[in-house]
Amino acid sequence: MKKYLYYFQLVILLTTVWLILFETFNVFLIIIGIFISLAIIYFSEKYLVDDRLYAFYPFNVFKLLRYAFFLLIEIYKSGLSIIPYIITGKANPGFVDIYTDLEKNIDIVVLANSITLTPGTITVDVQGHLLTVLWINPTTTQPTMAGIRIKGKLEKRIKEGL
Amino acid sequence: MTAVVTILVILTILSALRILIGPSLWDRMLGLNLVTSKLIMLIIVIAFLQNQTFFLDLALVYALLSFVGIIFIALYIQRKGRF
Amino acid sequence: MIGTIIIYLGLAFVFIGVIGIYRFKNFYTRALVASKVDTVGYITLIIGIIVKSGLNAFSLKVLLILSISLLINPLVTHSVVRSAKISGYKSGKE
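Residues numbered from 1 in each chain as written. Chains lettered and ligands numbered in written order. Predicted model: local features only at pLDDT ≥ 70, side-chain atom pairs only at ≥ 80, totals over all residues. Heavy atoms only, no water.

Asker: Just give me the short version of the overall build of chain A, but keep the residues and values in it.
Answerer: The number of helices and strands found in chain A is seven helices and three strands. Scanning chain A from its N terminus toward the C terminus, one meets helices and strands in the order α-α-α-α-α-β-α-β-β-α. Relative to the compact-globule value of 15 Å for 162 residues, chain A shows a C-alpha radius of gyration of 20 Å, a clear excess of over 25%. Taking the principal axes of the C-alpha coordinates as reference, chain A spans close to 60 × 35 × 25 Å. (Helix = DSSP H or I, 4+ residues; strand = E, 2+ residues; numbered from the N terminus. Rg over C-alpha atoms; globule rule 2.2 N^0.38 Å.)

Asker: Hey, could you go over the side chain of D27(B) for me, with residue numbers and the actual values?
Answerer: Its place among the elements puts D27(B) in helix α2 (residues 25-50). Residue class for D27(B) comes out buried when judged on its relative accessible area of 1%. Reaching out from D27(B), the side chain makes a polar contact with the side chain of S24(B) at a distance of 3.3 Å. Polar contacts involving the side chain of D27(B) include one to the side chain of R30(C), which spans 2.9 Å. Not counting the four nearest positions on each side in its chain, D27(B) is found in contact with R18(B), G22(B), F27(C) and R30(C). (Buried < 20%, exposed > 50% of the residue type's maximum accessible area, 1.4 Å probe, protein only. Polar contact = N/O pair within 3.5 Å; in protein donor to acceptor, adjacent residues only side chain to side chain. Contact = heavy atoms within 4.5 Å.)

Asker: Give me the domain arrangement of chain A: which residues, what numbers.
Answerer: Looking at the assigned domains, one finds that chain A contains domain 1 (2-56) and domain 2 (62-159). Computed over C-alpha atoms only, the centres of domain 1 of chain A and domain 2 of chain A are separated by 32 Å. (Domains from an automatic or database assignment.)

Asker: Describe the interface of chain C and chain B, naming the residues involved and giving the relevant values.
Answerer: Between chain C and chain B, the residue contacts involve 38 residues of the former and 41 residues of the latter. Carbon and sulfur atoms make up 77% of the area that chain C and chain B hide from each other, which totals about 3800 Å². Three residues stand out in chain C for area buried against chain B, namely Y22(C), F58(C) and I65(C), and they jointly supply 15% of the buried area on that side. Connecting chain C to chain B are three salt bridges. (Buried area = accessible area lost by both parts, 1.4 Å probe. Salt bridge = Lys/Arg side-chain N within 4 Å of Asp/Glu carboxyl O.)

Asker: Please give an account of unusual backbone geometry that cites residues and values.
Answerer: With phi around 65°, E23(A) is a residue other than glycine that occupies positive phi space. The residue E23(A) is located in the loop between α1 (2-22) and α2 (27-48) in this model. Residue E23(A) is classed as partly exposed on the basis of its relative accessible area, which comes to 24%. A positive phi angle, near 60°, is found at N51(B), a position not held by glycine.

Structural data, given as structure tokens:
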């Protein structure tokens, strides 16, 4: 039952993108869009991922929108905090190792991209649960303390579900 | 709104100067990324001024193509020319 | 009127980002500062355009471009910095 709900929201999402690209709304176009998005899901399961799409990218649109809004506020906060470094012109960045305890691959990918998107930190390398992060002002090089400073709120928000 | 276009063109030229004087190869790639994002902003502002939506398709295709280009240049240099 | 103010605010962020790539002597600092403040300016300017244009097909398409480039931008920065680190680029201690 949950699987059919997942495919239903995937079809709605793809049809919305199709309608935005056409810039007009009528019934004929919506029906063609639904058929083409079903064809896209069928062919990408058959040739691209070789498995059910549900096993690879489980997501919920409303939770994803809530996470995007939270991320936008976080980007602005850290973007304002980086401006003093530009005005004074003094910074010495360094590499810090942090550990994460997320399990699924898609969660680790979202966490690494969120760390890169917030200003002040860039994820350089990911091996298993170990993330190498370039930080603009490393106050500690100890993994657990640096992990709390960099990824504390983001990881808690991802654990609640995506 | 014409002042916005002028300021954006000046900022694009200033970013493109980083491609010319960058001491290392990765500085030039960084400058290319900055020039790309400013050109997308410029296309969107011009599409709003002229009120024509087909410029936005141009911006979409340009964003996707520059993404593929920069990713492959970075991979090519990272593997020192061997694919 | 509000849209114009938001657009000029975004231009100010982009200008600070352009200053950032000429102010530091270290490559890693430039990569950290420049492209990220540039992202903040990008989001602000596009939100200004959406506010000024109202809700129609134009602003929905601009929103699509914004969401696609928010997915693309961190990947490009990650790829450039990872390429520099693996190739063994040593930054001068300054």
